[in-house]
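# Topology and contacts: notes
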Amino acid sequence: MKARIIDGKLVSERLRGEIKAEAARFLAAHGRPPGLAVILAGEDPASEIYVKNKITACESTGIKSVLHRLPACVTEAELVGLIESANRDETVDGLLVQLPLPKGLDEKRILSRVSPDKDVDGFHAVNAGNLLLGNPCLAACTPSGIIELIKETGLPIAGKNAVVVGRSNIVGKPAALLLLQQNATVTICHSRTADLKSVTKTADILVAAVGIKAFITGDMIKPGAVVIDVGMNRFEGKLYGDVCFAEAAETAGFITPVPGGVGPMTITMLLKNTLKAAFARAK
Ligand code: GUN
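This write-up is about the structure you can find in this document. Note that the coordinates shown come from a computational prediction; the quantities given were computed from them, not determined experimentally.

Each value, and the rule that gives it
Residues numbered from 1 in each chain as written. Predicted model: local features only at pLDDT ≥ 70, side-chain atom pairs only at ≥ 80, totals over all residues. Heavy atoms only, no water. Helix = DSSP H or I, 4+ residues; strand = E, 2+ residues; numbered from the N terminus. Rg over C-alpha atoms; globule rule 2.2 N^0.38 Å. Buried < 20%, exposed > 50% of the residue type's maximum accessible area, 1.4 Å probe, protein only. Areas by Shrake-Rupley, 256 points an atom, 1.4 Å probe, with all protein chains shown as cover. Lys, Arg positive; Asp, Glu negative; His and termini not counted. Charge placed at Lys NZ, Arg CZ, Asp CG, Glu CD. Near = heavy atom within 4 Å. Polar contact = N/O pair within 3.5 Å; in protein donor to acceptor, adjacent residues only side chain to side chain. Nonpolar A, V, L, I, M, F, W, Y, C, P; charged D, E, K, R; others polar. Pairing = 2+ DSSP bridges. Salt bridge = Lys/Arg side-chain N within 4 Å of Asp/Glu carboxyl O. Axes fitted to C-alpha atoms, helices over the stretch in contact; angles between N-to-C directions. Contact = heavy atoms within 4.5 Å. Parallel < 35°, antiparallel > 145°, perpendicular 65-115°, else oblique. Left-handed = near helix turned anticlockwise from the far one by under 90°. Patch = residues over 30% accessible without salt bridge, like charges linked within 9 Å, V, L, I, M, F, W, Y side chains within 5 Å.

### Description of the overall build of the protein chain
- Secondary structure summary: the protein chain contains 10 helices and 11 strands in total.
- For 283 residues, the compact-globule formula gives about 19 Å, and the C-alpha radius of gyration of the protein chain, at 19 Å, lands near that figure.
- Dimensions of the protein chain, computed from C-alpha atoms along their principal axes, come out at roughly 50 × 40 × 35 Å.
- In the protein chain, which comprises 283 residues, the proportion classed as buried is 48%.
- For the protein chain, the accessible area works out to roughly 13300 Å², and carbon and sulfur atoms hold 56% of it.
- Taken together, the 33 basic and 29 acidic charged side chains of the protein chain have centroids lying 3 Å from each other.

Dropping the structure here:
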């Protein structure tokens, strides 16, 4: 294997140490810990795991978390009522509604009710718009984690060709904007891109966020590239990325593993956003 592994668990541990110290500083200055409210509606098994991991991460860094569980049959009015009460709660700095929502609930309309200054997922149109404009904002967690992992290589981002495969609002689009902010030359590819391989082969930085197991093969990678695999594809009880790791690792310069790459960083950036929101609100 040629590629060096970018260890997301290790980077996360280091960052969580810094976050813990900052949370203690917040507590000393304001007489209360930074607070995160999590709303979980329904019983999606993957969401249960994600939310449990978020709560545990808060506990280990000195952020006070409150979990609101709602049944799958919750009405939009009830859910919005809970969001608005968390918006008003002075001890809540960050508020997130775990996705996917149960069937019948309008995700866009519900997420638009989260106060933008508490929107630690960075999903609200105000934060997405400010990211586009290059204004200060709460940026989406997975894309922020991707930037941290690329920086971990020690290689510059400015002037590099970055190719993002995937155009979701949660990962692909914000990842492209953050790379642009770092002065990369950015291309976004998607399911309708013609001759995808000819584009990915130009990537000094390749971000794979398509949600298809082993979609990116070794022949699609430029020698020495930094490959960031955002995929979380469950297959026969195991987790697989969007990149064929065994092949890619023979060509890439750096690569993130799945699990243990981007995954741990998403929650770490959520903690970081919660701190950022807390300090901004306490000003
Ligand atoms: N479901 C899967 N990923 C996420 C995330 O980052 N935030 C929320 N709120 N829900 C998710």
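Picking up where we left off.
### Focus: the site of the ligand
- Around the ligand lies a shell formed by Lys-54, Leu-96, Val-97, Gln-98, Leu-99, Asp-121 and Phe-123.
- Here a nitrogen atom of the ligand sits 2.9 Å away from a polar atom, N or O, in the main chain of Leu-99.
- Note that a nitrogen atom of the ligand is positioned 2.6 Å from one of the side-chain N or O atoms of Asp-121.
- Within the complex, the protein chains bury 80% of what would otherwise be the 280 Å² of accessible surface of the ligand.
- The class makeup of the residues in the shell around the ligand is 4 nonpolar, 1 polar and 2 charged.

### So, the sheet that holds strand S6 (residues 185-189)
- Read across the sheet, 6 strands follow the order S1-S11-S8-S7-S5-S6 without closing on themselves; strand pairing throughout is parallel. Two strands close off the open sheet at either side, each with one partner strand: strand S1 (4-5) and S6.
- By the bridge criterion, 4 bridges tie strand S7 (residues 205-208) to strand S8 (residues 226-229) in an arrangement that is parallel. Bridge pairing in S8 links Val-207 to Ile-228.

### Structural notes on the pattern of salt bridges
- Scanning the model with the defined rule gives 13 salt bridges in all.
- Taking the shortest distance from any N to any O, the salt bridge between Glu-22 and Arg-25 comes out at 3.0 Å. Of this pair, Glu-22 and Arg-25 are both found in helix H1 (residues 8-30), 3 residues apart, which corresponds to roughly one turn of the helix.
- For Arg-25, a relative accessible area of 46% gives the class partly exposed.
- Residue Arg-281 is joined to Glu-90 by a salt bridge in which the shortest nitrogen-to-oxygen separation is 3.4 Å. Remark: Glu-90 occurs in the loop between helix H3 (76-88) and strand S4 (94-97) and Arg-281 occurs in helix H10 (residues 262-282); sequence separation between them is 191 residues.
- Within this structure, Arg-32, Glu-90, Asp-93, Asp-117 and Arg-281 form a network of salt bridges that share partners.

### A look at the sheet that holds S4
- Read from one edge to the other, the open sheet built from 3 strands follows the order S3-S2-S4, with strand pairing classed as parallel. The outermost strands of the open sheet, each flanked by one partner alone, are strand S3 (64-70) and S4. Averaged over all pairs of adjacent strands, the angle between strand axes in this sheet comes to 15°, irrespective of strand direction.
- Relative to S4, strand S2 (residues 35-41) runs parallel, the two being bridged by 4 bridges. Counterpart to Ala-37 in the pairing with S4 is Leu-95.
- Along the sheet, H3 makes contact with S2, S3 and S4, crossing S4 at roughly 165°.

### Structural notes on the packing of helix H2 (residues 45-61) against H10
- Remark: H2 packs on H10, axes separated minimally by 10 Å, with the N-to-C direction vectors making an angle of 50°. Classed by the angle they form, the pair H2 and H10 counts as oblique. The handedness of the crossing between H2 and H10 is right-handed. The residues of H10 that touch H2, namely those facing Tyr-50, Asn-53, Lys-54, Ala-57, Cys-58 and Thr-61, are Ile-267, Leu-270 and Leu-271.
- A breakdown of the residues in the contact of H2 with H10 according to their chemical character gives 6 nonpolar, 2 polar and 1 charged.

### Digging into a nonpolar patch on the surface
- Residues Met-1, Ile-5 and Phe-245 make up a contiguous nonpolar surface patch of about 290 Å² in total accessible area.
- Inspection of the secondary structure assignment puts Met-1 in the segment before S1.
- For Met-1, a relative accessible area of 60% corresponds to the exposed category.

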